[in-house]
Structure formats: structure tokens, C-alpha cells
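Listed below are the residues making up each chain.
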Amino acid sequence: MTVQELPGAAAHRPTPPPAWKPITDPAPLLPDPEPYRVLGTDAVADVDPELLLRLHAELVRGRRYNAQATALTKQGRLAVYPSSTGQEACEVAAALVLEERDWLFPSYRDTLAAVARGLDPVQALTLLRGDWHTGYDPREYRVAPLSTPLATQLPHAVGLAHAARLKGDDVVALAMVGDGGTSEGDFHEALNFAAVWKAPVVFLVQNNGFAISVPLAKQTAAPSLAHKAVGYGMPGRLVDGNDAAAVHQVLGEAVERARRGEGPTLVEALTYRMDAHTNADDATRYRVDSEVEAWRAHDPVLLLERELTGRGLLDDQGIERAREAAEHMAAALRDRMNADPVLEPMDLFAHVYAEQTSQLREQATALRAELDAEQDHDEHSAEAGR
């Protein structure tokens, strides 16, 4: 016999307090059934032509940046490079939609977003080169360090956004993650805290179809990743991730919503990773060429060029100028990356903790002793050779 079956139990059964009820109607939080698009629709007439042209220039530069960085891995100048070729619309829109005071929290694949935000291309690649923990001052650029562990940057973004609001700062954090990252516990924790606190943060999921070799269907049974938003009590938006104008608009609306104090938004951008996961991956083992070719017809650069040329906003000369500017950037990047960096071994222990641990101090002392001994040996050898 259960408690509820005992005589008189119904009379004493507590009524759930109002806090147990749903906080809001879930219907407005649900994403549209189809991804939002701007290019090729009537909505494009409302987009500032100057914005479209800037998006195009950044997409062309981003495509060339990805190609050059990939080439640097083959030349031994980069240890690894996760290309965002095919995803440039998401990368560029995420960078351009933010104000200078806002923060960007990228994943390891989002070097292009950092560069589009104003980060030096070489500094953006320093981590992937293996030279330093990160190649730039995050506070200077308002770009958090590139996050290699999946989704760990999301709770950091929520914490910063929540702290900024408590201080009265008008700051929004935009956190980027891949579809694979949504299967991590950090994703759940970040969205849950963000919604409860109404933190001014925007989550951008770049759904490129694969978490390395694992297709989305083997990660989740949800109708879309954007549908996950309703479970946390925030709006979910579904957008064509190869439509730069659409991504910029949807992210812009989410950023302004957050800035008004209305809480976070989860945006899922449907896109495709044209290259392998990294230069160490063989994508032919888990996807077929015909699938890749089908997505080439939906290339973000071509989509925008088609719109601009069709409306008379861009001609062949304009396309060539954008390509020349991109080539200039690639040449400068190539020259600078081909120069061997001068590294200080003791820097290995800098910026790990605010205060060094006893283990780090011990390791630093041991390394310094080895370096001094090596220097003494070289000096003695040089004197003996005279």
C-alpha cells in the first residue's frame, strides 16, 4: 500500500506551489519548422546594401584564410588546423554582429570569427602552431581563448555575461559551438544557468552535419538542435547557416534581445563542413563525394555573390577587388608564418594560474637549471674550440 492509498491521504495531499508550474508558454520558444532565409527572398530588400558588400568581402577573405591556413599545415608551419570552409557565413556574421564592448567565445574551429572581429591572423593561429597557450590578450580584443575542449567555453560565456549584468555593464556574450558540442554536459549546464539567470548571452550552434565522423542523427533524436532551447526556457531559432544575411539578422535580433535584459537565445545554423575535420582527418571514410558536391551548390560565397550581382550591387571588378584583398592578406600571413618564432622556454609556466602552484615552481626551477647547464656547456665548448 502506498502513501496515497492510505485512508485520508487525499485530504492531506499537498498542492504543488506555483513555482512548480511552467514559467512560460513553450509555444513562442519553438523554432520555425524551416530554417530562416534572406538571400533569394523578399526579405533581402530590407538589408542594407553596404552590409551585404561587407559580408561578401569578409566571406572572400575568410575563404582564402582557410585555404592558406590549411596549406600551412602541409608545410609544417601549423600543427593542426580545423578548417571552417563552407561555414564562413556563420563565422563572419558572429563577428560583425557584436559591438566592440561585447565578448566572443569561440571554439577551436572559430579562428576565422576571431580574425573577422579584428584579431591578427597570426595571433589567431598561435595556439594551433603550438607556440603559446593563446596568441593574444583576450581582454584587448574581447575574444576568449580558442577552446579546444568541447563546449567548455559556454559556461565561461554565461559567467562573464551574468557578471557583466550584475556590474551594470551593457555587455553581451556570443558563444560558438559545433553540433558535437551540444552532446556535452557543459552545453546543458550553460544553457540552464543562462536561462535561469536571464544572462545576456547568445549561443550559436554551427550544425555542420558531423562531430568528426559522427553524423547528427547518431547524436540526438530531437527535431532540431534549436528545439532543445524550449527545455531550458529560452527561444530557439533555426537559420540557414550559409545565408550570411540571414545569420547576421537572426544573431542581431538575439544580441539585442539579450541586451534588453530578455535573456539568452539558442540559434542553430544549418551549414556544412566542406573540408575534413582537421588536416589529420580522412573525411572520405564517413561521407561520400556526392554529398559534398551537393553542398557546393549552396556555397555561402556563391549565394551572396549571386544576390549582389543580380541586384547590380557587385560586378566582376568588385569581385576581383575582394579577391585581391584576400590574396594580399594570405601572402602576409604566409610570410609571417614562415618566419621561425623566437620562444622563451620559461614562458611555458606563465599565465597557467594567477599564482603558481608549488608543482609549477618546482618544474620551473628544474627547467631553469637544465637551461643554465646547457648554456654553460655551450660556452665551455666554444672556449675550447678557440
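This write-up is about the structure you can find in this document.

Parameters at a glance
All residue numbers here refer to positions counted from 1 along the written sequence of the relevant chain. Given that this is a predicted model, residues contribute local features only at a pLDDT of at least 70 and side-chain atom pairs are listed and counted only at 80 or more, while totals for whole chains, interfaces and linings are drawn from all residues. Note: side-chain values were computed over all heavy atoms of the structure, leaving out hydrogens and water. In DSSP terms, a helix is any run of H or I states spanning at least four residues, a strand is any run of E spanning at least two, and both are numbered starting from the N terminus. Here the expected span of a helix is defined as 1.5 Å times the quantity of residues minus one. Under the scheme applied here, a residue whose accessible area is under 20% of the maximum for its type counts as buried, over 50% as exposed, and between as partly exposed, the area being computed with a 1.4 Å probe on protein chains only. Here the arc refers to the directions that run from the helix axis out to each C-beta atom. Two residues qualify as a contact provided that any one of their heavy atoms is within 4.5 Å of a heavy atom in the partner residue. N or O atoms closer than or at 3.5 Å make up a polar contact, with two conditions inside protein: a donor-capable atom paired with an acceptor-capable one, and, for residues adjacent in sequence, both atoms drawn from side chains. Strands were regarded as paired on the criterion that DSSP finds at least two bridges between them. Here a crossover is taken to be right-handed if, once the strands point away from the viewer, the path from the first strand over the helix to the second is traced clockwise. Two aromatic rings from Phe, Tyr or Trp, using only the six-membered ring of Trp, form a pair when their centres are within 6.5 Å; if the ring planes differ by under 30 degrees the pair is stacked, by over 60 it is edge-to-face, and anything between is tilted. Fitting a line to C-alpha atoms yields each axis, with helices limited to the stretch in contact; the angle taken between N-to-C directions then spans 0 to 180 degrees. Any angle between 65 and 115 degrees counts as roughly perpendicular, while under 35 counts as roughly parallel, over 145 as roughly antiparallel, and the rest as oblique. Two helices that cross are described as forming a left-handed crossing if the nearer one is turned anticlockwise from the farther one by less than a right angle, and a right-handed crossing if clockwise.

1. Overview of helix 12 (residues 316–337)
Its 22 residues give helix 12 an end-to-end C-alpha distance of 31 Å, which sits within 8% of 32 Å, the value for a rise of 1.5 Å per residue. Within helix 12 the residues assigned to the buried category are Gly318, Ile319, Ala322, Ala326, Met329, Ala330, Leu333 and Met337. Taken down its axis, helix 12 places every buried residue within 115° of arc, on the same side. Across from the buried face of helix 12, at angles greater than 90 degrees, the exposed residues are Asp316, Gln317, Arg321, His328 and Asp335. Residues of helix 12 that are buried make contact with helix 2 (49–74), helix 5 (121–129) and helix 11 (300–310). The backbone nitrogen of Gln317 has a side-chain oxygen 3.2 Å away, supplied by the residue at the start of helix 12, namely Asp315.

2. Some details on the side chain of Thr220
Inspection of the secondary structure puts Thr220 in the loop between strand 5 (214–215) and strand 6 (236–240). Engagement of the side chain of Thr220 in a polar contact is seen with the side chain of Lys228, the distance being 3.3 Å. Those residues in contact with Thr220 that lie beyond four places of it in its chain are Leu225 and Lys228.

3. A few points about the pairing of strand 2 (residues 173–178)
Buried residues dominate strand 2, accounting for five of its six residues. Across three bridges, the pairing between strand 1 (residues 103–105) and strand 2 is parallel. Paired with Leu104 across the bridge in strand 2 is Leu174. With six bridges connecting them, strand 2 and strand 3 (residues 201–207) associate as parallel partners. Within the sheet, the bridge partner assigned to Met176 lies in strand 3 and is Leu204. After leaving strand 2, the chain enters helix 8 (residues 185–197) and then returns to the sheet as strand 3, a path that is right-handed.

4. Some details on unusual backbone geometry
Within the chain, Ala151 stands out as a residue other than glycine whose phi angle is a positive 70°. Counting through the fold element by element, Ala151 comes out in the loop between helix 6 (138–141) and helix 7 (153–167). Ala151 gets classed as buried once you look at its relative accessible area, which sits at 2%. With phi around 55°, Lys198 is a residue other than glycine that occupies positive phi space.

5. A word on the packing of aromatic side chains
According to the stated counting rule, one finds six aromatic pairs in the structure shown. The interplanar angle of 85° and the centroid separation of 6.5 Å between the aromatic rings of Tyr136 and Tyr141 together place this pair among those described as edge-to-face. Taken together, a centroid distance of 4.8 Å and an interplanar angle of 35° make the contact between Phe193 and Trp197 tilted. Pair noted here: Phe193 and Trp197 are both in helix 8, with a separation of four residues, about one helical turn. Judged by its relative accessible area of 43%, Phe193 falls in the partly exposed class.

6. With respect to the packing of helix 7 against helix 8
Closest axis-to-axis distance for the helix 7/helix 8 pair is 8 Å, and the angle between their directions is 15°. In terms of orientation, helix 7 lies roughly parallel with respect to helix 8. Judged by the sense of rotation from one axis to the other, the crossing of helix 7 with helix 8 is left-handed. Contact residues: Leu154, Pro155, Val158, His162 and Arg165 in helix 7; Asp186, Phe187, Ala190, Phe193, Ala194 and Trp197 in helix 8.

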